Amino acid sequence: MRTKIYIFALLLLTGCSTQYANKDITGQIFPSVVGTTLEKKSVSIPGDFNDDLTLLLIGYKQNSQFDIDRWLIALDVTETQVKVYEVPTIQGLFPEMFSTVIDNGMRAGIPKPLWQGVVTIYDDGERIQAFTGNENASNTRVVLLNKNGVILYFYDQGFAVDALNKLRMALAEYQ
């Protein structure tokens, strides 16, 4: 029964969304939004980030996780030193109604020590999607922020080694 509810919720999520054209947001200030970690702690993005640089891996669909995982593995293998947050960002009325089911599904698939690094956005989901664009919604939005919330690097074309290298160059430039 729980699986059926989860699948139903995901179908609603993917079927009831507004399309926004993709755009390059480099140099802009990331909008102030609030999400909740899988540990159930409220996080204000970017306000609660105290590090000089923070990397957001923003996903709009469940199958964005494949792209996010490729980024996480590549960052780990290359020993890239930056604080990283996975940010599932879901727009619409139905996600709010099924947020507990969705969050519990993520908790079941993500090891507990990593829960503090997963910040789910529901209320401000449409705002973020309108800000970055959500065409090719399965692609991760890779957003490097400085401590003032300014976007220093942005990429939304799916994982690529060249994009990883450009991100690493941006990190080296700003560290």
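In the block above lies the structure referred to throughout.
Residues numbered from 1 in each chain as written. Predicted model: local features only at pLDDT ≥ 70, side-chain atom pairs only at ≥ 80, totals over all residues. Heavy atoms only, no water.

Here's the deal with the sheet that holds strand 1 (residues 33-37)
The condition is simple: A strand pair is defined by DSSP finding two or more bridges across the two strands. Counting from the N terminus, the helices are DSSP H or I runs at least four residues long and the strands are E runs at least two residues long.
Read across the sheet, three strands follow the order 2-1-5 without closing on themselves; strand pairing throughout is antiparallel. Two strands lie at the open edges of the sheet, namely strand 2 (42-45) and strand 5 (119-120), each paired on one side alone. Relative to strand 5, strand 1 runs antiparallel, the two being bridged by two bridges. Across the sheet, the residue bridging to Thr36 is Thr120, located in strand 5.

Structural notes on the side chain of Asp124
We count it as follows: Between buried and exposed lies partly exposed: a residue is buried under 20% and exposed over 50% of the maximum accessible area for its type, with that area taken using a 1.4 Å probe on protein chains only. Asp and Glu are treated as the negative residues and Lys and Arg as the positive ones, with His and the ends of the chain left uncounted. Salt bridges are defined as contacts in which a side-chain nitrogen from Lys or Arg sits within 4 Å of a carboxyl oxygen from Asp or Glu. The contact definition used throughout considers only heavy atoms, calling two residues in contact when any of these lie within 4.5 Å.
Here Asp124 shows up in the loop between strand 5 and helix 5 (125-132). Buried and unpaired, Asp124 has no salt bridge, with Arg127 as the nearest side chain of opposite charge at 4.5 Å. If we ignore the near neighbours within four places in the chain, the residues touching Asp124 are Val33 and Val34.

Focus on the nonpolar core
Quick reminder of the rule: For the purposes of this section, nonpolar cores are sets of buried Ala, Val, Leu, Ile, Met, Phe, Trp, Tyr and Cys residues that join through side-chain atoms within 4.5 Å.
Of all hydrophobic cores here, the largest spans 20 residues; its most connected members are Phe30, Ile45, Leu56, Ile58, Val143 and Ile151. In this view, Ile58 contacts Phe30, Val87, Thr89, Ile128, Asn139, Thr140, Arg141 and Val143; residues no more than four positions away in its chain are not counted. If you look at the next biggest cluster of nonpolar residues, it comprises 18 residues, including Trp71, Ala74, Leu164 and Leu171.

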